[in-house]
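Observations on chain architecture
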Amino acid sequence: MAELDATDHAILAELRRDARASMTHIAESVHISRAGAHARIRRLTESGVIAGYTVRTDPVQLGHHASAYVMLAIEQASWQEVQTRLRAIPEVEHMALVGGDFDVILLVRASDARDLRRIVLEDIQAIPSIRSTRTTLIFEDFSRES
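Counting restarts for each chain, with residues numbered from 1 along the sequence as it is written. Per-residue local features of the predicted model are confined to residues with pLDDT of at least 70, and side-chain atom pairs are confined, for both listing and counting, to 80 or more; whole-chain, interface and lining totals are unaffected and use all residues. Side-chain figures throughout are based on the complete set of non-hydrogen atoms in the structure, without hydrogens or water.

1. As for the overall build of the protein chain
Looking only at helices and strands, one finds five helices and four strands in the protein chain. Taken from N to C terminus, the helices and strands of the protein chain fall in the order α-α-α-β-α-β-β-α-β. Just to be clear, the radius of gyration here is over C-alpha atoms, and the globule rule we use is 2.2 Å times residues to the power 0.38. The C-alpha radius of gyration computed for the protein chain amounts to 20 Å, which surpasses the reference 15 Å derived for 146 residues by more than 25%, pointing to a less compact arrangement than a globule. Each principal axis of the C-alpha distribution contributes one length, and for the protein chain these read about 55 × 35 × 25 Å. The buried share of the protein chain, taken over its 146 residues, is 34%. Residue contacts are counted whenever heavy atoms from the two residues lie within 4.5 Å of one another. Partitioning the intrachain contacts of the protein chain with sequence separation of at least 6 by distance along the chain shows that 64% fall at a separation of at least 24. The positive count covers Lys and Arg only, the negative count covers Asp and Glu only, and His and the chain ends enter neither. To locate a charge, take NZ of a lysine, CZ of an arginine, CG of an aspartate or CD of a glutamate. Taking the 17 positively charged and 21 negatively charged side chains of the protein chain as two groups, their mean positions are separated by 2 Å. By the criteria applied, helices consist of DSSP H or I runs no shorter than four residues and strands consist of E runs no shorter than two, each listed in order from the N terminus. For each residue, the accessible area found with a 1.4 Å probe, counting protein chains only, is set against the maximum for its type, and the residue is called buried under 20%, exposed over 50%, and partly exposed in between.

In structure tokens:
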């Protein structure tokens, strides 16, 4: 894939704001023709820059009144096993393998504090390769796209 230019970045910004925006709206927003916008989006998709489209949801509206980042220290050779087990926990919304004081960071959404406690203590800490956890509560979420 060739380097992305300013127009490609502008198209991606428009799609991040609203993935359902019409091709006409995107073209007008970035000052190119509709055919040009369509060709660029097709190229960005075929090259893998655009990996898919998704919906942003409000966790509170979905009944998730407790959210937390849970940091995990794991046994180093166990990442694949831990990842598989974590993917099976529906309340784990996002996970990342990281460097630093911890090995994995999870975004966990729960119905309330009691449910969050159950997820961390009974589901996550029950995975044998997890050495320790640290939980940080989220008081309010912000998104770049909001």
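2. A closer look at the pattern of salt bridges
Between side chains of opposite charge, a pair can form as their charged atoms come close. By salt bridge we mean one thing: a side-chain nitrogen of Lys or Arg within 4 Å of a carboxyl oxygen of Asp or Glu. In the structure shown here, the tally under the stated rule is nine salt bridges. Here Asp-5 ties to Arg-40 by a salt bridge, and the two come within 2.9 Å at their closest N and O atoms. In this pair, Asp-5 sits in the segment before helix H1 (6–17) while Arg-40 sits in helix H3 (residues 34–46), placing the two residues 35 residues apart along the sequence. Judged by relative accessible area, which is 21%, Arg-40 ranks as partly exposed. Sharing partners across several salt bridges, the network here consists of Asp-5, Asp-8, Arg-40 and Arg-43.

3. A few points about helix H4 (residues 79–87)
Considered for burial, the residues of H4 that qualify are Trp-79, Val-82, Gln-83 and Leu-86. The buried residues of H4 occupy an angular sector of 100° when the element is viewed end-on, so they sit on one face. Looking at H4, the residues exposed on the side facing more than 90 degrees away from the buried face are Gln-80 and Thr-84. In this structure, the buried side of H4 is in contact with strand E1 (66–74), strand E2 (92–97), strand E3 (104–110) and helix H5 (113–124). In this description, the arc belongs to the directions extending from the helix axis to the C-beta atoms.

4. Looking at the packing of H1 against helix H2 (residues 23–30)
Axis geometry follows a simple rule: fit a line to the C-alpha atoms, using only the stretch in contact for helices, then measure angles between N-to-C directions, giving values from 0 to 180 degrees. Between H1 and H2, the least distance of the axes is 10 Å, while the angle of their chain directions is 135°. With respect to H2, the element H1 is oriented oblique. H1 and H2 meet at a crossing whose hand is right-handed. For the pair H1 and H2, the contacting residues are Thr-7, Ala-10, Ile-11, Glu-14 and Leu-15 in the first and His-25, Ile-26, Ser-29 and Val-30 in the second. For classification purposes, an angle smaller than 35 degrees is called roughly parallel, one larger than 145 roughly antiparallel, one from 65 to 115 roughly perpendicular, and anything else oblique. Crossings are assigned a handedness: left-handed for a near helix turned anticlockwise from the far helix by less than a right angle, right-handed for a clockwise turn.

5. Observations concerning unusual backbone geometry
With a phi angle near 65°, His-31 is a residue other than glycine that sits in the positive phi range. For His-31, the location among the structural elements is in the loop between H2 and H3. A residue is classified by how much of its surface remains accessible, and His-31, at 73% relative accessible area, is exposed.

6. Observations concerning the pairing of E3
Extensive coverage of E3 is indicated by the burial of six of its seven residues. In short, DSSP must find at least two bridges between two strands for them to pair. Examined bridge by bridge, E1 and E3 share seven bridges and lie antiparallel to one another. Bridge assignment links Tyr-69 to a residue of E3, and that residue is Leu-107. The sheet contact formed by E2 and E3 spans five bridges and is antiparallel. In the strand pairing of E3, Ala-96 is matched with Ile-105. Connecting E2 to the antiparallel partner E3 that follows it, the hairpin turn spans six residues, and Gly-100 within it adopts a positive phi of roughly 130°.

Any functional reading would require information that these geometric values do not contain.
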